[in-house]
Amino acid sequence: RADARDGERPMRRSTSEYVRHQTPQGPCSTGKYCQDVLSASAQRQEAMKAMFARAEARAFAATFRDRIESVLGWEVDAWEVVEQKGDFVRKALLKVDIGDDEFVHMLGLRAPRGECWAVRYACKSKDDPLDEDDDDLESLPEEGICNVALADGCCSLM
């Protein structure tokens, strides 16, 4: 052939064959050790999801704290989210401890992402279940940061 140099034989192309990949043979390929590792990893992942959900719930509740205090007529001593549900993108349902065995249930809904939240609230006790279909939920008035109605135009909606 023309591509052979100085008496070397040309390199032959190998035939393409399916080469079977062998499964790993180690402590994690089968058995209890692997199951324990995977289980621990899943538990860590669930713990992280729960931590982020709590952080989202706290941030959501903090956004509406001033408006809730304005409607209640007093500044609350405590403000701790004790239960949350929802994805915090389109729906948020919270139970917030405001001290003295009083709780505020909050339901936030918004249609498209990026729109303002429509928030409803109700004062409840510790034993009241968190329910989005609660008839006691009232609409939270739309007020700005300075607690003045938006019609006055002094501040933006939170």
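Residues numbered from 1 in each chain as written. Predicted model: local features only at pLDDT ≥ 70, side-chain atom pairs only at ≥ 80, totals over all residues. Heavy atoms only, no water.

On to the pattern of salt bridges. Charged atoms that come close allow side chains of opposite charge to pair. Per the stated rule, a full pass over the model turns up six salt bridges. Two residues, E46 and K49, come together in a salt bridge whose shortest N-O distance is 3.7 Å. Of this pair, E46 and K49 both sit in helix α1 (residues 32–63), three residues apart, roughly one helical turn. Judged by relative accessible area, K49 falls into the partly exposed class, the value being 47%. The partner of D134 in a salt bridge is K124, and the shortest N-O contact between them spans 2.7 Å. Remark: K124 occurs in strand β4 (residues 118–124) and D134 occurs in the loop between β4 and β5 (138–139); sequence separation between them is ten residues. Each of K124, D134 and D136 takes part in salt bridges that share partners, so that together they form one network. (Salt bridge = Lys/Arg side-chain N within 4 Å of Asp/Glu carboxyl O. Helix = DSSP H or I, 4+ residues; strand = E, 2+ residues; numbered from the N terminus. Buried < 20%, exposed > 50% of the residue type's maximum accessible area, 1.4 Å probe, protein only.)

Another point: a nonpolar patch on the surface. Taken together, the side chains of M48, M51 and F52 present a nonpolar region at the surface, about 300 Å² in accessible area. With respect to the helices and strands, the residue M48 is situated in helix α1. (Patch = residues over 30% accessible without salt bridge, like charges linked within 9 Å, V, L, I, M, F, W, Y side chains within 5 Å. Areas by Shrake-Rupley, 256 points an atom, 1.4 Å probe, with all protein chains shown as cover.)

Let us look at the pairing of β4. For strand β3 (residues 102–109) and β4, the ladder comprises seven bridges, and the chain directions are antiparallel. For G108, the partnering residue across the bridge sits in β4 and is V119. Summarising the sheet, β4 and β5 pair through two bridges and their orientation is antiparallel. Following the sheet pairing, R120 is matched in β5 by S139. (Pairing = 2+ DSSP bridges.)

By relative accessible area, which is 13% here, K124 ends up buried. Looking at K124, its side chain comes within polar contact range of the side chain of D134, at 2.7 Å. (Polar contact = N/O pair within 3.5 Å; in protein donor to acceptor, adjacent residues only side chain to side chain.)

Core analysis: the largest hydrophobic core is formed by 20 residues, its most contacted members being F60, I68, W79, L94, V96 and M106. Where this core is concerned, the elements lending two or more residues are α1, α2 (65–72), β2 (91–99), β3 and β4. The biggest single contributor to this core is β2, with four residues. Apart from residues no more than four positions distant in its own chain, V96 is found in contact with A61, W79, E80, V81, E102, F103, V104 and M106. With five residues, the next largest nonpolar core counts L93, A122, L130 and L137 among its residues. (Core = buried A, V, L, I, M, F, W, Y, C linked by side-chain atoms within 4.5 Å. Contact = heavy atoms within 4.5 Å.)

Burial within β2 is extensive, with seven of its nine residues counted as buried. With six bridges connecting them, strand β1 (residues 80–86) and β2 associate as antiparallel partners. Bridge pairing in β2 links V81 to V96. Linkage of β1 to β2, two consecutive antiparallel strands, is achieved through a turn of four residues, within which F88 is found at a positive phi near 60°. Counted along the chain from β2 to the antiparallel partner β3, the turn is two residues long, and its residue D100 has a positive phi close to 55°.

In this structure, D100 takes a positive phi of about 55° despite not being glycine. Tracing the backbone shows D100 in the loop between β2 and β3.

A word on the confidence of the model for the protein. Mean pLDDT over the protein: 79, with 72% of residues reaching 70 or higher. Note on residues 145–158: pLDDT is under 50 here. Beyond four places in sequence and across chains, it has 24 contacts. (pLDDT = per-residue confidence, 0-100.)

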